Every structure is written in C-alpha cells, then in structure tokens.
Amino acid sequence: MHFLLTLILQIAVILLAARAVGWLFRRLNQPQVVGEMAAGILLGPSLLGWLAPAASAALFPPESLGYLNTLSQVGLLFFMFLVGLEFDPRLLRGRGHAAVVISHVSIVVPFFLGAVLALFLYPRLSDGSVSFTGFALFMGAAMSITAFPVLARILTERNLLQTRVGAITIACAAVDDITAWTILAVVVAIVRSSAADTPLWLTLAGTSVYLVLMVLVVRRALGWLESFYHSRGRLTQDMVAAVLLLVLASAWTTEWLGIHALFGAFALGAVMPKDPGFVHDLSEKLEDITVVFLLPLFFAFTGLRTSIGLVSGTEMWMYAGLCLLVATAGKFGGSTIAARLTALSWREAGALGILMNTRGLMELVILTIGLELGVISPALFTMMVLMALTTTAMTTPILEWLYPARLIRESASREDVEMHEHTVLLPISLSSSGPGLLRAALALAPEGRQTRVYALHLQRTSDHGLSRVDVAELPAQNEVLRPLLAEAEAEGVEVRPLSFTSRNVDRDILDVAHVKRADLVLMGWHKPVLGRSILSGTVAAVLRHARVDVAVLVERGAAPWRRILVPYRNPTEDLGALELARRIATNREAEVTILHVVAPDRASDGEGRLSSRWEEHAFPDGVRLKLVESDKPLEAAVREAREGYDLIVVGVSRAWGTTPTPFGRRHEALVRASAASLLVVRRYDARAAARSQDALEDALEPKPSAVAPPRQILAGSTHGRT
Amino acid sequence: MRSMLLYLVLVGAPLLGLLGILQAGERIVPPRSVGGVWELDAESARRLAAPCLSLAFKKEPAELVVSQSGTHLRLTFADRSRSSLAVTLGGDSLTGELKLSERATCPGATVELRAQVIAGEGHDRMLGSLRRSMCPECPVTQFEAVRRPITLDR
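Keep in mind it's a predicted model, so treat the numbers as computed, not measured.

1. Overview of the overall build of chain B
Thinking step 1. Scanning chain B for helices and strands turns up 2 helices and 8 strands.
Thinking step 2. Burial status across chain B gives 41% buried among its 154 residues.
Thinking step 3. For chain B, restricting intrachain contacts to residue pairs at least 6 apart in sequence, the fraction spanning at least 24 positions comes to 38%.
Thinking step 4. Split by element, the accessible area of chain B, about 8,500 Å² in all, is 56% carbon and sulfur.

Shown next, in the form of structure tokens:
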C-alpha cells in the first residue's frame, strides 16, 4: 500500500480508538488522557498484535512507523510548548514555606527511591551500554515527575483550586514540573555526552547560556508580542506563525546543544507572556490540533513499543510491581508526609500526595526519551508505562475516597440562608443573558420577601489533557458573570456569584438549587429559536427533575414589560404562570391579559373556576380576563400573542406545546407568533411529589413510616413556596 | 526554624543518600550488552533456510534482531514469519527455545538455541547453533553473526 494510504488509515484507526476508549474512561470518571494512553497500548503488540497479528502487521508495517513517529514528535513538541505556556510563576507566589518544602521533598524522595531501585534493577534489566549513573539518574527523574496538565485538570474538575490543598498542590506541581525537566535535561546531557564527541561541560555550558538568554533576552522580547496582541485585540495568523517559528527555533537549539528538542519547546512556553487573554487565545489556536489529533499518535506510537509480553513470568511481574510500589511510595508517601509535617491535616496531606502521584503522559514523554537514548530497556519501558497508567488511573478514585466531593460541596454550602428570603438561582452560560435574567428575577420577587440571587456559571469540562489554571479568578471575576454583576450593582442588588467546572451541568444545577435552597431556578435561552428546540438539553433536564419552581426565559427584548399575556386553561399546569405574572404586574405595574381558553361545551364552567382563582391570587388593577372558546388552545394563544404583547407567561403544558421535547418545534409556535419574550413556568408541587413518592414507597415497601421523606421536599415546604 | 529542620532532614538526607548510591552503583557489573542488529553470514542464512528450520530471509544480509532487557533477551530472525524467541543471557552465553512457524517443514517443532558472544576488534561476533528438542539424531544447524554498530539516538 502507498505510504500515504497507510498513514491515513493508521491515523483514522488511532483517532477512532483514542476517542472511543477515552469516552469509555470518562464514563468511569477517569481523565480522557488515561483512556487515550490505554488506547495506544491496545493498538500495540500487547493486544491488537497479540489477538490479530496479521491485521496488526498490515496496519502498522515497520517501514511505515517512521512517518507516524515524525508526526507524533511534532505533536509532542507543540504539546510541551503548551505545557510550558501553562506554567505561571504566579502559582508560586504567596504559598509560603510549606509549598517549598513539600515540592522539594516530593521531588527528592522519589528521586532517591528511584536511585535505590536502580541498584536492584541495573544488573537485571539494564546492560553494559549504559552507565549506572545515567541509569540511576534517569530512574530518579522518571519517578519524580508529576503530570501537571492532568493534575490541574483534576483540581479544576473537582473545584479544589480555591481550597488550601488545591493551592499548595498546584504550586508544588509547578515546581516539580520545572525541576524534573531541568534534571532530565542534565541526565540526557550526561547520557549523550558519554556516546558523543561533545564533552559534558560544553553541553552544560551551552545549555546555561541558552537558559540565560531565554530568561533575560527572549522573555523580554516576547513582551513585544503581547503588546502587539493588545493593540490588535486578537491573535493574528502572522503572530501564530511567529510563535510556531520560535517554538521550532528553540527546539532546534536545545537538540543541537545535546539535550532534547522537547526542552526547547517547553522552555519557550515557560517564558512566553502570561497575559490571560494572550495565553487563552494562543492555546485555543494550538490545543485542539495538538491534543485531539497529534497527541493520540504519540500514545499509539508509545503503545506500539509497549509489549506487555516482555513482562513475562513471576520475576518480571515482581519487578513491575516493585516499580509501581517505589513510584507510589516515593511520590505519594514523600509528599503526604512532608505536607502533614508542614501545613495540612492527614486527609488534606493524603489528597495532596495522591494528586502529586499523578504521572500521566508526562511520564510517557520521559520514558520515550529514555528508550530512544537506550537508557532503559524495552521491558523496563513497558513496566514503567504500566506504572504511569496505574498511578494516573488510581488518582481519581483514591482522591474521592480521601477527599470526597461531598466534603467540598458541604464546605461550599456552609452559608446561612434566611428562611424568609426568596432565593433565586440563575444558571448563566452566556454573559449576554445575565442582565436580562437578573431583571426578570427581580420582577418575579414575591411581595414582602427579600430576594437572594445566586448567579451560577458552570464551565463544561473539555475532554482533553490540558486545563487552564486561572490562579487569580474568583467567581466575582468570572467573565461570563461580569455583566450580570455590573447590572446588579447598578440596580443596588446583592448577587452571590458561583462559578465552577462541571462534568454534568444539569445535575450540578439541581445540586446547587438543593444546597442553596432555591425557591426558583430561572434559566435563559439564548440560541436562535429556529436553530434548535428551546426545551431540550439542559433546560429540559432541569425542568423535568428540579424539585423547585423553574422558569425559562426566552428574551426577545429588554424589560420593562408593559403588556403581559398569560394563556390559561388548566389550574394544575397554568397556576404557576398566573402567579408569576401576578408578581410581575405588582412589581412592574404592567398590564396583564389572561387568555382563558375553554372548550366550547365547558365555557361557563371555566369562567367560574378562574374567577375563584382570580380572587385567590389577588391580581392588582390592570388585569384583563379574556375568555375564548376553542378546541385548539395553542392556536387561540398564538392569535392573541400577535396583539403586541411584551411578554407571554405560559405554563408547561401540552396545550401550549411547552412540554420538553428533544425534537419538534410545536412549542415554538408561541415565540414565532410575536416579538414578545416568553417565560415558560413549571411549578413544583411538593405535596403532589410527596404523594407520588409515598404511593411509590407504599407499593415497594410496606413500612412507609421507616422511610424518611426526601430532604428537598421538606426544605421546599419550610420555605412556604407559592 | 522547624521548616528549615524539616527541609534538611527530608531533602538533605535523601540527597546525601543519592550520592552514596551513585558511588556504590558504579561497582555493579551489568549484563553484557548484546542488543541490536546482528548480520548473519551468507552461509549461515542458507543453512537456516534449509529444512526443517525454513527461516526464509527477506533480504541480504540476513538479520537477527536482539532486543535486550538485562539478562532477558528477545531474538527475532528477520525471516518472512519474523520467528521470535525468548532467550536468557548468562555471562556470554545465550540459551533459548524457538517454536517453528507453520511455514517450516516440521511446523510446531521446538528448536533449542545456544550461542556464545565473542568480543572482537570493532565488532562482536555470535557463534550459535539451533537443534530440534527431543531429537538427538536431528542435525545441528550452526550459524555465525556479526553485530552491527549501535546507532542509538544519542
């Protein structure tokens, strides 16, 4: 087969495997990168080559691997640049002596234990072509690495960055990252100098000059790039090209100096300007192609060189177990003890230790360098790859055991909630929707109760290995929440901002609503109405499952709302809309029209029913009741909606086509009929929910008194929800 | 003061220990290096291609690739079946067993490998033999190979 055909086929298979196994691992609460590493191993001789040797040989013929390797190395160069770009010296500021001690111990202890292990493994798994010093130093460096990107991602996902343990961990990991790569550069220089004509002192002197130039000259010169970025307000293609050229130049220099090209890429990333906007934009330009496309090629190439068959027999598996034991004892043990002795409780110290034990793909990078240099043998390479995979995969479950998410949530919810307050939760995904939702929340406040507003921005986790660590950002500084907070300040209203990363947005919205004892979840819809159905996705999930009132605002024009239409048909489904419309009418002195649609044969009945509700809800002046006889309530409402209303308030009902559906646009008829905004209201009936829960429990368990009622229902009832 | 003391104990002591380890490790004698590509001479390649071994090499010179992990070796003949066997290194001696492929005249048979590595001027040489297990009357196939200079990425 032509080499290009083979290469295209290889890339397609690798990407498919990486995405599929990555997805599977994400389902198991593991970082995507662990799945991609595993996918690489599965494509190699350990699984594919073992199960289907002919297919493996056809897909990865030895003569084709050069192209794959070249692509993967280029990907690795840019990945290391991105890792360096993430390094921010601000991470180290103000962390105190504890962070210094912990970070140094977390490097030195595993390094020392790695060297001890080298005493045992050198005569068994190495050979005379490698000096003991090179072997021992390499083993030490390989044991002391921490995967900063994976660690940062886990901290972000678990919302640990703002905690003490998170802050110290990220500082230690940053120090580890720089130190481990520096040590490895020295080890590579030592190993290469023994086989090359260049003396070691020359390599080290050249490297020192290079580093001084990078820090003192290049770093300052790169400030120009930042200024240019600010003057243009964006990252131009010319600037991206300039950065790429600089990465290549730096990588070429370090390779020429006798250390590795990857150090040059990493060093350039580390000295790049750290302006958040610049870093964000540059990362966005490079990250997807690097992380999604090129990095899986590296994992696959690593997997092709990882042959679990080389670890055969009790003796070899004992060596593999020893590698895992020493790696964990050194990194987890060393970090935990240092953290306990300096600043943290046992629980926090354990969490820090297990986080530092995450090695991820950074270990694979080091091991690949070691294998290419001949410092480690193929069997030891396989053992260490298994160790990297295991230490990374065990991080999340052990962290959950040591420092459960429940504890983090509980500490976040330790806040007094006044029982007489009306609490509104505003999940915000786009900055532009924030002010409108806040105005709506204030318009929906019940009389005589103070409104407490929580603005929540949930950032979806991306599925790749890198993760931005914004050291300075607090919820109040969140870009998405900023317009809402500005509006709140203008209105003189206190809004409590919340911001964190989420794997499951609708579940987290429900959780926060529960923890904050919200009376109303008010959500926005900001996508083009004709582009996608309104009541689908997150909105639909929250509407279905929230144990509080939910309202969804499709904003078509800024409040104030002067004319409001409330289509009414059924008390069970429409009373919530009626109640919220009443509040708006009271708070904003708006004119409300209640369109009461009744079936022709039940007209007199219907009027009587609503009249009693009318008194019950105490509508202010300016409310008009309009009775319409029709078998088709939606059409009647659509006709009325064309009469120049500012807002239509409607319940979740089949009659109005507002029941959540993943497909179809029937419910959009009301929106398309007029230029008015739409407020879809779903009222939560705690008593009805309790009744159905009781009925369910009765059916399943004949001892209802033994079963405690759901907490949310109790919380809801104590708030006297409308 | 406490931090400094901790630092000295937790960082200083392992660093001193590391120096000791590096000193002590230099006295350890590692297994001899035999990894890399070995070129079989033409006569050896012809003998190995004969029945019943049937190691039909794809190119000349015929090659034998040794992947070394300490005393644990994997020898792969660069024949059409890429016949491979696990070998143990003891000093200068190599011993292992090769299960013949389906293409061999006597497929499935097991062949014993014994070889000796001899350090030479510039190039190491390997003198070896392959013999069917449990078959004293079967002929012994001798082979000789020369190690190609190592070109590691250094």
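2. What to know about the sheet that holds strand 8 (residues 141-147) of chain B
All names here are of chain B.
Thinking step 1. Ordered in space as 1-2-3-4-5-6-7-8, the 8 strands form a closed barrel in which the pairing is antiparallel. This sheet shows a mean twist of 30° between the axes of neighbouring strands, independent of strand direction.
Thinking step 2. Bridging between strand 4 (residues 84-90) and strand 5 (residues 93-99) involves 4 bridges; their strand directions are antiparallel. Counted as the bridge partner of V87 is G96 from strand 5.

3. Some thoughts on the nonpolar core
Thinking step 1. In this structure, F81(A), W181(A), M272(A) and L380(A) are the most contacted members of the largest nonpolar core, which totals 158 residues.
Thinking step 2. Those residues in contact with L380(A) that sit more than four places away from it in its chain are L121(A), L125(A), F135(A), M139(A) and C323(A).

4. Examining the packing of helix 10 (residues 200-232) of chain A against helix 11 (residues 237-257) of chain A
Residues and elements named next belong to chain A.
Thinking step 1. The N-to-C vectors of helix 10 and helix 11 enclose an angle of 175°; their axes lie 11 Å apart at closest approach. Of the possible angle classes, the one that applies to helix 10 and helix 11 is roughly antiparallel. Two secondary-structure elements touch here, helix 10 through T203, G206, T207, Y210, M214, L222, L225, F228 and Y229 and helix 11 through M239, V243, L246, S250, T253, T254 and L257.
Thinking step 2. Residues that form the contact of helix 10 with helix 11 fall into these classes: 10 nonpolar, 6 polar and no charged.

5. A look at the confidence of the model for chain A
Any segment with low pLDDT has predicted coordinates that should not be analysed in fine detail.
Residue and element names in this part refer to chain A.
Thinking step 1. When pLDDT is averaged along chain A, the result is 80, and 82% of the positions lie at 70 or above.
Thinking step 2. Counted against residues more than four places away or in other chains, residues 528-532, with its pLDDT under 50, gives 11 contacts.
Thinking step 3. Segment residues 699-722 is flagged for pLDDT under 50; beyond a separation of four residues in sequence, or across chains, it makes 32 contacts in the model.

6. Side note on the pairing of strand 1 (residues 422-427) of chain A
Residues and elements named next belong to chain A.
Thinking step 1. Where burial is concerned, most of strand 1 is hidden: 6 out of the 6 residues are buried.
Thinking step 2. Burial along strand 1 is two-sided: H422, V424 and L426 facing one way and T423, L425 and P427 facing the other are all buried.
Thinking step 3. Across 2 bridges, the pairing between strand 1 and strand 4 (residues 520-525) is parallel. Residue L425 lies in a different strand from strand 4, and its bridge partner there is V521.

7. Some words on the interface of chain A and chain B
Thinking step 1. In this complex, chain A contributes 40 residues to the contact, which on the side of chain B involves 30 residues.
Thinking step 2. When chain A packs against chain B, close to 3,100 Å² is buried across both sides, 68% of that on carbon and sulfur atoms.
Thinking step 3. Here chain A and chain B share 0 salt bridges between them.
Thinking step 4. There are 6 residue pairs in polar contact (both at pLDDT 80 or more) connecting chain A and chain B.
Thinking step 5. Sorting the residues of the side of chain A that touches chain B by element identifies helix 6 (96-125), helix 7 (132-144), helix 9 (164-195), helix 14 (313-342), helix 16 (360-373) and helix 17 (378-393) of chain A as the ones contributing at least two each.
Thinking step 6. At 16 residues, helix 6 of chain A tops the list of elements feeding residues into the side of chain A that touches chain B.

8. Concerning the packing of aromatic side chains
Residue and element names in this part refer to chain A.
Thinking step 1. As enumerated under the stated definition, the model contains 10 aromatic pairs over all chains in all.
Thinking step 2. Plain terms: the ring middles of Y229 and F278 are 5.5 Å apart, the flat faces sit at 75° to each other, and that makes the pair edge-to-face. With Y229 in helix 10 and F278 in helix 13 (residues 276-304), the pair connects residues that are 49 residues apart, well separated along the chain. Of the two residues examined, Y229 and F278, each falls in the buried class.
Thinking step 3. For the pair F298 and F299, a centre-to-centre distance of 6.0 Å together with 50° between the ring planes defines the contact as tilted.
Thinking step 4. Residue placement shows R124 over the ring face of F120; its charged tip is 4.0 Å from the ring centre.
Thinking step 5. Above the plane of the ring of Y645 lies R563, whose end atom (NZ or CZ) is 4.4 Å from the centre.

9. Quick look at the packing of helix 17 of chain A against helix 18 (residues 395-402) of chain A
Thinking step 1. Relative to each other, helix 17 of chain A and helix 18 of chain A sit at 30°, their axes nearing to 5 Å. Contacts between helix 17 of chain A and helix 18 of chain A involve T391(A), T392(A) and A393(A) on the former and, on the latter, T395(A), T396(A) and P397(A).

10. Some details on the environment of V74(A)
Thinking step 1. Structurally, the position occupied by V74(A) is in helix 5 (residues 65-86).
Thinking step 2. According to the relative accessible area criterion, V74(A) is partly exposed, its value standing at 34%.

11. Details of unusual backbone geometry
Thinking step 1. The phi dihedral of N29(A) is positive, around 65°, even though this residue is not glycine.
Thinking step 2. Tracing the sequence through the fold places N29(A) in the loop between helix 1 (3-27) and helix 2 (32-43).

12. Thoughts on the side chain of R147(B)
Thinking step 1. Structurally, the position occupied by R147(B) is in strand 8.
Thinking step 2. Polar contacts involving the side chain of R147(B) include one to the main-chain carbonyl oxygen of S33(B), which spans 2.8 Å.

13. Considering helix 24 (residues 571-588) of chain A
Residues and elements named next belong to chain A.
Thinking step 1. Under the 1.5 Å per step criterion, the end-to-end length of helix 24 is 24 Å for 18 residues, consistent within 8% with the ideal 26 Å.
Thinking step 2. By the criterion of burial, helix 24 is predominantly enclosed, with 13 of the 18 residues buried.
Thinking step 3. E589 occupies a position one or two residues after helix 24 and carries a positive phi of about 50°.

14. Digging into the pattern of salt bridges
Thinking step 1. This structure, assessed with the given rule, holds 21 salt bridges over all chains.
Thinking step 2. Residue R439(A) is joined to E487(A) by a salt bridge in which the shortest nitrogen-to-oxygen separation is 3.3 Å. Placement of R439(A) in helix 20 (residues 434-443) and of E487(A) in helix 21 (residues 482-491) is noted, with a sequence separation of 48 residues between them.
Thinking step 3. Overlapping salt bridges, with partners in common, bring together R32(B), D92(B), D124(B) and R147(B) in one network.

The rules behind the values
- Residues numbered from 1 in each chain as written.
- Chains lettered and ligands numbered in written order.
- Predicted model: local features only at pLDDT ≥ 70, side-chain atom pairs only at ≥ 80, totals over all residues.
- Heavy atoms only, no water.
- Helix = DSSP H or I, 4+ residues; strand = E, 2+ residues; numbered from the N terminus.
- Buried < 20%, exposed > 50% of the residue type's maximum accessible area, 1.4 Å probe, protein only.
- Contact = heavy atoms within 4.5 Å.
- Areas by Shrake-Rupley, 256 points an atom, 1.4 Å probe, with all protein chains shown as cover.
- Pairing = 2+ DSSP bridges.
- Axes fitted to C-alpha atoms, helices over the stretch in contact; angles between N-to-C directions.
- Core = buried A, V, L, I, M, F, W, Y, C linked by side-chain atoms within 4.5 Å.
- Parallel < 35°, antiparallel > 145°, perpendicular 65-115°, else oblique.
- Nonpolar A, V, L, I, M, F, W, Y, C, P; charged D, E, K, R; others polar.
- pLDDT = per-residue confidence, 0-100.
- Buried area = accessible area lost by both parts, 1.4 Å probe.
- Salt bridge = Lys/Arg side-chain N within 4 Å of Asp/Glu carboxyl O.
- Polar contact = N/O pair within 3.5 Å; in protein donor to acceptor, adjacent residues only side chain to side chain.
- Phe/Tyr/Trp six-rings, centres within 6.5 Å; stacked < 30°, edge-to-face > 60°.
- Lys NZ or Arg CZ within 6 Å of the ring centre and 35° of its normal.
- Expected span 1.5 Å × (residues − 1).

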